[in-house]
There are 2 protein chains.
Amino acid sequence: MAGRHGQGDAAGDQGRSGAKAPGLDFPRPLTTVDIVIFTIRQEALQVLLVRRGSGPGEPFPGTFALPGGFVDIARDRDLEACARRKLAEKTGVVSPYLEQLGSWGSADRDPRGWSATHAYFALIPGSAVEAALAADVQWFPLEGTGVTPKLAFDHAEILQAAVQRLRNKVEYTSLPAYLMPKEFTLPELQRTYEIVLDRALEKSAFRTRMLSADLIEPIAKMRKGPNRPAQLYRLKKTAAPVYFARTFNAPE
Amino acid sequence: MAGRHGQGDAAGDQGRSGAKAPGLDFPRPLTTVDIVIFTIRQEALQVLLVRRGSGPGEPFPGTFALPGGFVDIARDRDLEACARRKLAEKTGVVSPYLEQLGSWGSADRDPRGWSATHAYFALIPGSAVEAALAADVQWFPLEGTGVTPKLAFDHAEILQAAVQRLRNKVEYTSLPAYLMPKEFTLPELQRTYEIVLDRALEKSAFRTRMLSADLIEPIAKMRKGPNRPAQLYRLKKTAAPVYFARTFNAPE
DNA sequence: GAAATAGTGTCTATAAGACAATATCGG
DNA sequence: CCGATATTGTCTTATAGACACTATTTC
């Protein structure tokens, strides 16, 4: 296996397992971090996108893209810190939920050269986000597993993976709780589940599942309205998401 | 938010969203791919490790590490191709299952500089692997979520994540089928599940689940032994893993 | 009281857990 | 027949799905 190509060996093996001098002066891929930021706005699942600049050499000028950018090795201690920095820059919010989604790397995904991006996805409450938004970003509602504008790079593919992962996990986890404001009612939480899944859930089963999980606790307040008031709840201090033993609807 | 640090901006924003000239001449992280390769050997879940060389400048000389190495941008079309190449180099096997595990990147995980690795995990059948193994690799049985030798870099952490992901998924997927030889019996498949999960499963429920899934098909052959023969099965052509609606044992 | 939504209860269906019963081989 | 393992069946339990019913507010 070794010694097939001169340059191949230099980059492929020397630095890690080769017996020759471990040169590190071979070309390295561009390294970026991108974040898929979800929220619930206007009764819809929405994702935050950035309009790309149009300076000289900018790929995909003027199109929309996921928030992100190059890893700054002088500034970012690790990948997650880099993701949190970019999240804060665009939203002014400390996300209650940030999960690594995957990485995409290839020779042709960026016209500037071989590049790899580390993609994350974040969930933030719909409330109180508007004010802190950066100037160049905008929310877009999800249509299926994508958005209306054509995205830069392979970001449509990354977004699709994020939506699929989110929808999939919502079937058996408490992730939508991270899309809720501090205080919320059970019907409101159920509505969030239904928006993400794009399908109605049984009220009774939903309540049983949520209340039997060690997830939320009632507070001494009710949500008033033109009808029967609803009990308000808040997330328990335990930050970890809950995993249920079953999905919501058994597949046919 | 923009313009906080001179160097920070150069690397962090210019190339992707800045309005200034998009220079690409800032330092890039080292980029590697590592693979956690699992198999079943000697009634145990085992992982493939490589002994690192001890040339000049080699970090962690002589210790064991996950198979992997630098991305070769001249040779590897994309990250997955890079992972498949390294898998084939070490095992001579085309893995029936390869999944992205996640990425780990930080300033200090590699003494040679800021580095990011894209980790994959692979499942290969225990049969017919021995012959094609590279010279510098070795199987190690899992003890809990790790192995006996101390691993290089942050590979113990990556291995732990892989084991947890595997055990977690085995609760509700057909992944262990990829650890089986071409022909196998239901009790043998159940044994594989039990080895990975390190816990006994109910025979009856297990059979019902496997047979009602569109996963395996009986062949016209039986496994003979000193007792009642068992029906032999093979995986159906459909390569995709099956996701069940429930986990095996409801958590307490 | 009517409308609207919150919350509970009742019945059924599905699949797992426990474990017994039966089947089929080699000796 | 005996030992061993494969395969099937029976009964119970837990939870989802469907959907009816009751509760509490505003108007």
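Residues numbered from 1 in each chain as written. Chains lettered and ligands numbered in written order. Predicted model: local features only at pLDDT ≥ 70, side-chain atom pairs only at ≥ 80, totals over all residues. Heavy atoms only, no water.

It is worth spelling out the overall build of chain A at this point. Looking only at helices and strands, chain A has five helices and 10 strands in total. The proportion of buried residues among the 252 residues of chain A is 55%. The contacts of chain A with a sequence gap of at least 6 include a subset with a gap of at least 24, amounting to 63%. (Helix = DSSP H or I, 4+ residues; strand = E, 2+ residues; numbered from the N terminus. Buried < 20%, exposed > 50% of the residue type's maximum accessible area, 1.4 Å probe, protein only. Contact = heavy atoms within 4.5 Å.)

Let us look at the packing of aromatic side chains. For the structure shown, the criterion picks out 21 aromatic pairs over all chains. Ring geometry for A:Y172 against A:Y243: centres 6.2 Å apart, planes inclined by 45°, an arrangement best described as tilted. Separated by 71 residues along the polypeptide, A:Y172 in the loop between α3 (155-170) and β8 (184-185) and A:Y243 in the segment after β10 (230-235) bring together distant segments of the chain. Between B:Y97 and B:F121, the aromatic rings sit 6.1 Å apart at their centres with planes inclined by 55°, giving tilted as the arrangement. With a gap of 24 residues between them, B:Y97 in strand β5 (residues 97-106) and B:F121 in strand β6 (residues 115-123) connect regions that are remote in the sequence. Judged by its relative accessible area of 9%, B:Y97 falls in the buried class. One aromatic cluster in this structure is built from A:F38, A:Y97, A:F121 and A:Y178. For B:R209, the ring lying beneath its charged end belongs to B:F244, and the centroid distance is 4.6 Å. Between the NZ or CZ atom of B:R209 and the centre of the ring of B:F248, over which it lies, the distance is 3.9 Å. (Phe/Tyr/Trp six-rings, centres within 6.5 Å; stacked < 30°, edge-to-face > 60°. Lys NZ or Arg CZ within 6 Å of the ring centre and 35° of its normal.)

Attention shifts here to the protein's contact with DNA strand C. Contacts to DNA strand C come from 21 residues, most closely from A:K203, A:N227, A:Q231, B:F248 and B:N249. Sugar and phosphate atoms form 68% of the subset of DNA strand C atoms that lie within 4 Å of the protein. Here B:E202 contributes a side-chain N or O atom positioned 3.2 Å from a phosphate oxygen of DNA strand C. Class assignment for the residues of the surface near DNA strand C results in seven nonpolar, seven polar and seven charged. (Near = heavy atom within 4 Å. Polar contact = N/O pair within 3.5 Å; in protein donor to acceptor, adjacent residues only side chain to side chain. Nonpolar A, V, L, I, M, F, W, Y, C, P; charged D, E, K, R; others polar.)

Our focus in this paragraph is the confidence of the model for chain A. Close inspection of predicted coordinates is inappropriate for parts of the model with low pLDDT. Confidence along chain A averages 88 in pLDDT terms, with 88% of residues attaining 70 or more. Scored below 50 in pLDDT, residues 1-21 of chain A makes 50 contacts in the model with residues more than four places away or belonging to other chains. (pLDDT = per-residue confidence, 0-100.)

Glancing now at the sheet that holds β10(A). Residues and elements named next belong to chain A. Across the sheet, three strands lie side by side as β8-β10-β9; this open sheet has antiparallel pairing. The open sheet terminates on both sides in strands that have one partner only, identified here as β8 and β9 (216-223). Across five bridges, β9 lies against β10 in antiparallel orientation. Bridge pairing links I216 to L235 in β10. (Pairing = 2+ DSSP bridges.)

Residues and elements named next belong to chain B. Where helix α4 (residues 186-197) contacts helix α5 (residues 203-212), the two axes come as close as 11 Å, and the packing angle between them is 105°. As far as their axial angle goes, α5 and α4 are roughly perpendicular. Contact with α4, carried on its side by L186, P187, L189, Q190 and Y193, involves K203, F206, R207, M210 and L211 of α5 and no other residues of that element. Grouping the amino acids of the contact of α4 with α5 by side-chain chemistry returns seven nonpolar, one polar and two charged. (Axes fitted to C-alpha atoms, helices over the stretch in contact; angles between N-to-C directions. Parallel < 35°, antiparallel > 145°, perpendicular 65-115°, else oblique.)

Taken together, 22 residues lie around DNA strand D, and A:F248, A:N249, B:K203, B:N227 and B:Q231 are the ones closest in. Of what DNA strand D places within 4 Å of the protein, 69% of the atoms are sugar or phosphate. Within the contact set of DNA strand D, a base nitrogen lies 3.2 Å away from a backbone nitrogen or oxygen of B:P226. B:N227 is positioned with one of its side-chain polar atoms (N or O) 2.9 Å from a sugar or linking oxygen of DNA strand D. Elements represented by at least two residues in the surface near DNA strand D include exactly α5 (203-212) of chain A together with α5 and β10 (230-235) of chain B. For the surface near DNA strand D, a count of residues per class yields eight nonpolar, seven polar and seven charged.

All names here are of chain B. Relative to the helices and strands, F244 is located in the segment after β10. A residue is classified by how much of its surface remains accessible, and F244, at 12% relative accessible area, is buried. Once the C-alpha coordinates of F244 and Y172 are considered, the two residues, 72 residues apart in sequence, prove to be 5.0 Å apart.

All right, on to unusual backbone geometry then. Residue and element names in this part refer to chain A. The phi dihedral of F153 falls on the positive side, at around 50°, and the residue is not glycine. Inspection of the secondary structure puts F153 in the loop between β7 (137-141) and α3. The class of F153 is buried, set by a relative accessible area of 12%.

On to the sheet that holds strand β9 (residues 216-223) of chain B, then. What holds strands together in a sheet is hydrogen bonding between their backbones, with the strands either parallel or antiparallel. Within the open sheet, the three strands sit side by side as β8-β10-β9 (chain B). Their pairing is antiparallel. Two strands lie at the open edges of the sheet, namely β8 (184-185) and β9 of chain B, each paired on one side alone.

Residues and elements named next belong to chain B. Topologically, E217 is positioned in strand β9. In this structure E217 comes out as partly exposed when scored by relative accessible area, which is 22%. For the pair E217 and L235, spaced 18 residues apart in sequence, the C-alpha to C-alpha distance is 6.4 Å.

Quick look at the pattern of salt bridges now. Counted according to the given criterion, the structure contains 34 salt bridges over all chains. Here A:E188 and A:R223 are joined by a salt bridge, their closest N and O atoms 2.7 Å apart. With A:E188 in helix α4 (residues 186-197) and A:R223 in strand β9, this pair connects stretches of sequence that are 35 residues apart. Owing to a relative accessible area of 26%, A:E188 belongs among the partly exposed residues under this scheme. Taking the relative accessible area as the measure of exposure, A:R223 reaches 34% and is therefore partly exposed. Among the salt bridges present, the one from B:E43 reaches B:R191, with a minimum N-O distance of 2.9 Å. (Salt bridge = Lys/Arg side-chain N within 4 Å of Asp/Glu carboxyl O.)

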